[in-house]
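Okay, here's what each chain looks like letter by letter:
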Amino acid sequence: MIISLTFSLDPPVIVKKPGNITVSIGASFTLDCTAWGDPRPQIQLLHNRPEDFTHVHFNPDYALKPGLSRASLKIDVMTAETAGRYTCFVNSIGGSRESHAHVFILEP
């Protein structure tokens, strides 16, 4: 008798995406991203410079409950360099997902 098992792994799901924000120069801000998956996914928050990832923030993710991961990125001082597009990149053996947010400078 031959027994064959087939299963598939689903990619993680981003359950809380970072949102676009407008921040004054010198102010602080935080971006959050939460994802679920089985197995529990890993999360990175990346600051995109034009067409590359030259300024990368790796954030430790931690378990909120089984299968759920969260990453936060806190910028203490908003500058022209910290403005731009940020990507929440979520990855597991089931696949990957990403979500984008923009941080804009509040003009005086």
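All values derive from a computational prediction rather than experimental measurement.

Draft legend 1. Local environment of the overall build of the protein. In terms of helices and strands, the protein carries zero helices and nine strands. In the protein, the order of α-helices and β-strands from amino to carboxyl end is β-β-β-β-β-β-β-β-β. Across the 108 residues of the protein, 34% fall into the buried class. In the protein, the proportion of contacts linking residues at least 24 apart, taken out of those at least 6 apart, comes to 64%.

Draft legend 2. Quick look at the side chain of Ser92. Its location among the elements puts Ser92 in strand S8 (residues 84-92). Beyond its immediate chain neighbours, meaning those up to four positions away, Ser92 contacts Asp10, Pro12, Pro39 and Pro41.

Draft legend 3. Region of interest: the pairing of strand S9 (residues 95-105). Sheet topology note: the strand S2 (residues 21-23)/S9 ladder contains three bridges and is parallel. Opposite Thr22, over in S9, you have Phe104 as the bridge partner. Relative to S9, S8 is paired through nine bridges, and the arrangement is antiparallel. Bridged to Cys88 within S9 is Ser99. Between S8 and S9, which follow one another and run antiparallel, lie two residues.

Draft legend 4. Expanded view of the nonpolar core. Core analysis: the largest hydrophobic core is formed by 17 residues, its most contacted members being Phe29, Cys33, Ile43, Tyr86, Cys88, Val90 and Val103. Mapped onto this core, the elements with two or more residues apiece are strand S3 (29-36), strand S4 (42-49), strand S7 (68-75) and S8. Per element, the largest residue contribution to this core is four residues, and it comes from S3.

Draft legend 5. Up close: unusual backbone geometry. Looking along the chain, the bond that leaves Asp38 and enters Pro39 is cis, with omega of 15°. Mapped onto the elements of the fold, Pro39 is located in the loop between S3 and S4.

Draft legend 6. Looking closely at the environment of Ser92. Overall, the relative accessible area of 15% leaves Ser92 in the buried class. Spatially, the C-alpha atom of Ser92 lies 6.8 Å from that of Pro11, the residues being 81 residues apart in sequence.

Draft legend 7. Spatial organisation of the environment of Phe29. When you line up the elements, Phe29 lands in strand S3. The spatial distance from the C-alpha of Phe29 to the C-alpha of Val103 is 9.2 Å, given a sequence separation of 74 residues.

Draft legend 8. The pattern of salt bridges, seen in detail. What the rule picks out here adds up to three salt bridges. For Asp32, the salt bridge is made with Lys16, and the minimal N-O distance between the two is 3.7 Å. Of this pair, Asp32 sits in strand S3 while Lys16 sits in strand S1 (residues 13-16), placing them 16 residues apart in sequence. Between Asp32 and Arg70 there is a salt bridge; the shortest N-O distance is 3.1 Å. Placement of Asp32 in strand S3 and of Arg70 in strand S7 is noted, with a sequence separation of 38 residues between them. Take Asp32: its relative accessible area is 16%, and that puts it in the buried class. With a relative accessible area of 25%, Arg70 lands in the partly exposed category.

The rules behind each value
Residues numbered from 1 in each chain as written. Predicted model: local features only at pLDDT ≥ 70, side-chain atom pairs only at ≥ 80, totals over all residues. Heavy atoms only, no water. Helix = DSSP H or I, 4+ residues; strand = E, 2+ residues; numbered from the N terminus. Buried < 20%, exposed > 50% of the residue type's maximum accessible area, 1.4 Å probe, protein only. Contact = heavy atoms within 4.5 Å. Pairing = 2+ DSSP bridges. Core = buried A, V, L, I, M, F, W, Y, C linked by side-chain atoms within 4.5 Å. Salt bridge = Lys/Arg side-chain N within 4 Å of Asp/Glu carboxyl O.

Remember, this is a structural readout, not a statement about activity or role.
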